[in-house]
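# Overview (structure and organization)
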Amino acid sequence: METAKQIKQMVLEKYSEIALQDKETNMSSCCGATSCSDPIYNIMTDDYSQVDGYNPDADLGLGCGLPTQFAKIEPGDTVIDLGSGAGNDCFIARHEAGAFGKVIGIDLTEAMISLARRNAETRGFNNVEFRLGDIENMPVSNEVADVVVSNCVLNLVPDKKAVITDIMRVLKPGGHFSISDVVLVGELPEALQKDAEMYAGCVSGAIQKSDYLRFIEEAGFKNITVQKEKAIRIPSDILSRYLDAEGVDSFVHGSTGIFSVTVYAEKEGLKTPHPEAGSETVKACCPPNAGCC
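Thresholds applied
- Residues numbered from 1 in each chain as written.
- Predicted model: local features only at pLDDT ≥ 70, side-chain atom pairs only at ≥ 80, totals over all residues.
- Heavy atoms only, no water.
- Helix = DSSP H or I, 4+ residues; strand = E, 2+ residues; numbered from the N terminus.
- Buried < 20%, exposed > 50% of the residue type's maximum accessible area, 1.4 Å probe, protein only.
- Contact = heavy atoms within 4.5 Å.
- Phe/Tyr/Trp six-rings, centres within 6.5 Å; stacked < 30°, edge-to-face > 60°.
- Pairing = 2+ DSSP bridges.
- Right-handed = clockwise from strand over helix to strand, strands pointing away.
- pLDDT = per-residue confidence, 0-100.
- Core = buried A, V, L, I, M, F, W, Y, C linked by side-chain atoms within 4.5 Å.
- Salt bridge = Lys/Arg side-chain N within 4 Å of Asp/Glu carboxyl O.

Time to look at the overall build of the protein chain. Scanning the protein chain from terminus to terminus reveals twelve helices and eight strands. Per-residue burial for the protein chain yields a buried fraction of 52% across its 293 residues. Once local pairs closer than 6 in sequence are excluded, the contacts in the protein chain between residues at least 24 apart make up 77%.

Written out as structure tokens, the structure is:
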């Protein structure tokens, strides 16, 4: 059984490698971690290309959902993205938060931070910043974020309860999160659970859906909602690397399931409005000399 330190080092090394790969290589693998089956196995089946603010150069094809689509980001919001990678979800959040908003991306990997910063600088995104750090203990002050998002990252973290607790710390009263992640229903076969590559590939690091939701509730969040859920299929040729033929058949036709879920929850309190963002919105919709500004 790997220790938390070993798991973090494994993820760090693997995602440093991924940061140097192109999107096509990442998308033809298990979350970018390994070579996979002939029919491309990619748990990210959602299409970002039509989402406002999308930047294809910042999309490494590593996600398992579209959390920003459900995050209810408003103009003027401060948004934190956990495991920000090359910056894709940060840039979409920036589009929603507007000129008076701010987006902070946090990632454990220096190579990802460097890539994301280059992507932001190239596009002149001055209200997006990227910080190197561990999302179990974010390099962020208390109660600074209106919204927290994350895309297929908590499953890579050894102490998921610590991340959820720290999300509560950094959110303002009345703030909320929308997080896409991989969860299990039923026990993953031991051979899959132990494999390091599958951990870095997002699957064996996942926990039970019931435990995931329970951790969120125990942290004190309210109005917990599963906004989206979809089944993830692992092709038989990948399973056969870890299981015999009988084991593959049992896994494919058994009760165990692997799912991508997008979960929303709120921190108690009253959200403070953003007056600057409100004035920006009014001015933007008023034609010259219309008398409405």
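Having seen the structure, we can now continue with the description.
Turning our attention to the packing of aromatic side chains. For the structure on display, the rule yields three aromatic pairs. Note on Phe91 and Phe125: the rings are 5.2 Å apart at their centroids and 65° apart in plane angle, and the pair reads as edge-to-face. On the criterion of sequence distance, the pair formed by Phe91 in helix H4 (residues 88–97) and Phe125 in the loop between helix H5 (110–122) and strand E3 (128–132) is long-range, its members being 34 residues apart. The pair Phe91 / Phe125 is uniform in exposure class, with both members buried. Their ring planes at 80° and their centres at 5.0 Å tell us that Phe177 and Phe221 sit as a pair that is edge-to-face.

Note that strand E2 (residues 102–107) and E3 share five bridges and pair parallel. Paired with Ile106 across the strands is Arg131, a residue of E3. This β-α-β element, E2 to H5 to E3, shows right-handed connectivity.

Here the protein chain averages 80 in pLDDT, while 73% of its residues score no lower than 70. The element-level mean pLDDT for the protein chain is lowest in helix H2 (residues 23–27), coming to 52, with strand E1 (residues 78–82) highest at 98. Residue range residues 281–293 is modelled with pLDDT below 50. Its contacts to residues more than four positions away, or to other chains, number six contacts.

Moving on, we get to unusual backbone geometry. Backbone geometry follows two general trends: most residues other than glycine have a negative phi, and most peptide bonds adopt the trans configuration. Backbone geometry at Glu143 places phi at a positive 50°, although glycine is not the residue there. With respect to the helices and strands, Glu143 occurs in the loop between E3 and strand E4 (145–151). One non-glycine residue, Asn223, lies in the positive phi region at around 50°. Mapped onto the fold, Asn223 is located in strand E7 (residues 222–231).

Let's shift gears to the nonpolar core. Grouped together as the largest cluster of nonpolar side chains are 30 residues, with contacts concentrated most on Ile80, Leu82, Val148, Ile167, Phe177 and Phe221. Of all the secondary-structure elements, those providing two or more residues to this core are E1, E2, E4, helix H6 (160–170), strand E5 (171–185), helix H9 (209–218) and strand E8 (257–266). The element contributing the most residues to this core is H6, with five residues. Leaving out residues up to four positions away in the same chain, Phe221 has contacts with Ile164, Ile167, Met168, Leu171, Phe177, Ile216, Ala265, Glu266 and Lys267.

Attention shifts here to the environment of Ser141. Position of Ser141 relative to the elements: it lies in the loop between E3 and E4. Remark: the alpha-carbon pair of Ser141 and Leu171, spanning 30 residues in sequence, is separated by 9.6 Å.

Turning to its location among the elements, Gln208 is positioned in strand E6 (residues 207–208). You can call Gln208 buried: its relative accessible area is 16%. Setting aside chain neighbours within four positions, we find Gln208 in contact with Leu184, Val185, Gly186 and Glu187.

Following the criterion strictly, the structure yields ten salt bridges and no others. When the shortest N-O distance is used, the salt bridge between Asp166 and Arg169 registers 2.6 Å. Pair noted here: Asp166 and Arg169 are both in helix H6, with a separation of three residues, about one helical turn. Exposure remark for Asp166: the relative accessible area of 7% places this residue in the buried category.

It is worth spelling out the environment of Arg214 at this point. Within the fold, Arg214 resides in helix H9. Relative accessible area serves as the criterion here: at 35%, Arg214 is assigned to the partly exposed category. Spatially, the C-alpha atoms of Arg214 and Lys161 are 9.7 Å apart, while their sequence positions differ by 53 residues.

On to the pairing of E5, then. Buried residues dominate E5, accounting for twelve of its 15 residues. Once you follow E4 into H6 and on to E5, the crossover reads as right-handed. Note: E5 against E8, ten bridges, orientation antiparallel. When the bridges of E8 are listed, Ser178 appears paired with Tyr264. Where E5 lies against E6, two bridges are found, and the strand directions are parallel. Bridging across to E6, Leu184 finds its partner in Gln208.

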